[in-house]
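Listed here are the chains, written in short residue letters.
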Amino acid sequence: MSDHRRAKITALGTYVPPRVLTNHDFERMVETSDEWILTRTGIRERHVVDKPMATSDMAAEAAKCALAKRGMSPKELDALVVATVTPDMLFPSTACLVQHKLGAAGLWGFDLSAACSAFVYALQVGAQFIAAGSHERVMVIGSDTMSSILDYTDRATCILFGDGAGAVVLEPAEDGVGLIDFEHEIDGSGACSLYMPGGGSLNPSTHETVDKKMHFVHQDGQAVFKYAVRKMAEASETVLSRNGFKGSDVSLFVPHQANRRIIMSAADRLGLKEDRIIINIDEYGNTTAGTIPLALESARQQGRLKKGDLVLIAAVGAGFTVGATLLRWAC
Ligand SMILES: CC(C)(COP(=O)(O)OP(=O)(O)OC[C@H]1O[C@@H](n2cnc3c(N)ncnc32)[C@H](O)[C@@H]1OP(=O)(O)O)[C@@H](O)C(=O)NCCC(=O)NCCS
């Protein structure tokens, strides 16, 4: 990407709904314990929406926050990419709903589906628009209402996820900062390890699909765990070495927040100490497309993100999807 015009993140905004579900709340819902959840996942609590809030509402709130920080009007945006696996509806796209809620006339956009890697993929799509010279200001949002597709009687999945959103504004970078390179990969051989079988063209919604709970998340936790540890580290190593960096050069590792043990194993392989890693899974659980911007915001609030810092973002999600992005922080 070095020959192209680089994109940089010029503003970051996030939103989480106010209602909190703690591990102790789950003790009253399924056979589990705060101790099991905390030691196996690192999660203490997660935020969940109250009806009628949906993915587009959280996305619009995060977008407004980012625009306000940049002092930018929604009308100045050229494109909008919404990363989500929980769109308000199958169609129209959540991007259309967000555009309308923002009053962002005259731009175009679409949804991007890549589960937990969706934000890093959308970031790259936005960066490519800027690199091509066709766009000057691209809004990239990750927003997921995981509570809408969870079976709250299945202890193996319901404790893992939360709701939340984050948005960034991408603009051309002139000053050596911004997105440097990426290493993304999809591997559909893992499709049956993490999926929602009902509601699509294969299994359209019927009373039977609902009775069989096909409209909920289904997961082989151990298969996802093993794949995530290996691929998060591999993609990160590839993008680092291709650009002449080692793990020790990374100022901040911003991993997808699926499980604290996955993060620590991947970081260990990369030779990264805990003071270089952002972990906020304890507060939010896995918000799917929301985790990376929420983690960036936590880093910013903790004063751990400064202009010029070398930031490594990595994610693995359903698909499987794998993504690693290297950038120099710009705002
Ligand atoms: C889901 C996950 C936390 C389970 O942890 P694990 O250590 O692999 O646990 P296992 O699946 O081996 O289950 C061990 C036992 O705990 C039980 N268990 C599962 N969920 C439980 C819960 N919430 N509370 C208490 N016990 C639970 C299982 O039923 C199993 O019991 P058994 O031995 O009697 O059959 C872990 O596999 C994981 O995080 N996987 C990746 C998930 C992920 O990241 N998904 C999103 C990807 S982006």
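Please refer to the structure higher up on the page.
Residues numbered from 1 in each chain as written. Predicted model: local features only at pLDDT ≥ 70, side-chain atom pairs only at ≥ 80, totals over all residues. Heavy atoms only, no water.

**Section: the packing of helix α8 (residues 221–242) against helix α9 (residues 260–269)**
Here's step 1: Interhelical geometry of α8 versus α9 gives an angle of 35° and a closest axis separation of 9 Å. Between α8 and α9 lies a crossing of right-handed hand. Contact residues: Phe-225, Ala-228, Val-229, Arg-230, Met-232, Ala-233, Glu-234 and Glu-237 in α8; Arg-261, Ile-262, Ser-265, Ala-266 and Arg-269 in α9. (Axes fitted to C-alpha atoms, helices over the stretch in contact; angles between N-to-C directions. Helix = DSSP H or I, 4+ residues; strand = E, 2+ residues; numbered from the N terminus. Left-handed = near helix turned anticlockwise from the far one by under 90°. Contact = heavy atoms within 4.5 Å.)

**Things to note about the environment of Asn-259**
Here's step 1: Looking at the secondary structure, you find Asn-259 in the loop between β11 (252–255) and α9.
Here's step 2: In this structure, the C-alpha to C-alpha distance between Asn-259 and Thr-209, residues 50 residues apart in sequence, is 29 Å.
Here's step 3: At a separation of 2.7 Å, a polar atom in the side chain of Asn-259 contacts the main-chain amide nitrogen of Arg-261. (Polar contact = N/O pair within 3.5 Å; in protein donor to acceptor, adjacent residues only side chain to side chain.)

**Remarks on the environment of Glu-297**
Here's step 1: Checked against the element boundaries, Glu-297 lands in helix α11 (residues 291–301).
Here's step 2: Overall, the relative accessible area of 6% leaves Glu-297 in the buried class.
Here's step 3: When the C-alpha atoms of Glu-297 and Ala-235 are compared, they prove to be 23 Å apart, with 62 residues separating the residues in sequence.
Here's step 4: A distance of 2.7 Å separates the side chain of Glu-297 from the side chain of Arg-300, its partner in a polar contact. (Buried < 20%, exposed > 50% of the residue type's maximum accessible area, 1.4 Å probe, protein only.)

**Let's talk about the site of the ligand**
Here's step 1: The immediate surroundings of the ligand are formed by 24 residues, with Thr-32, Arg-40, Gln-219, Gln-222 and Asn-259 found nearest.
Here's step 2: A distance of 2.6 Å separates a nitrogen atom of the ligand from a polar side-chain atom of Thr-32.
Here's step 3: Every element with two or more residues in the shell around the ligand is listed here: α2 (34–41), α6 (155–158), α8, α9 and β12 (310–317).
Here's step 4: Counting residues per element, the shell around the ligand draws most heavily on α8, at four residues.
Here's step 5: Its residues placed into classes, the shell around the ligand shows eleven nonpolar, nine polar and four charged. (Near = heavy atom within 4 Å. Nonpolar A, V, L, I, M, F, W, Y, C, P; charged D, E, K, R; others polar.)

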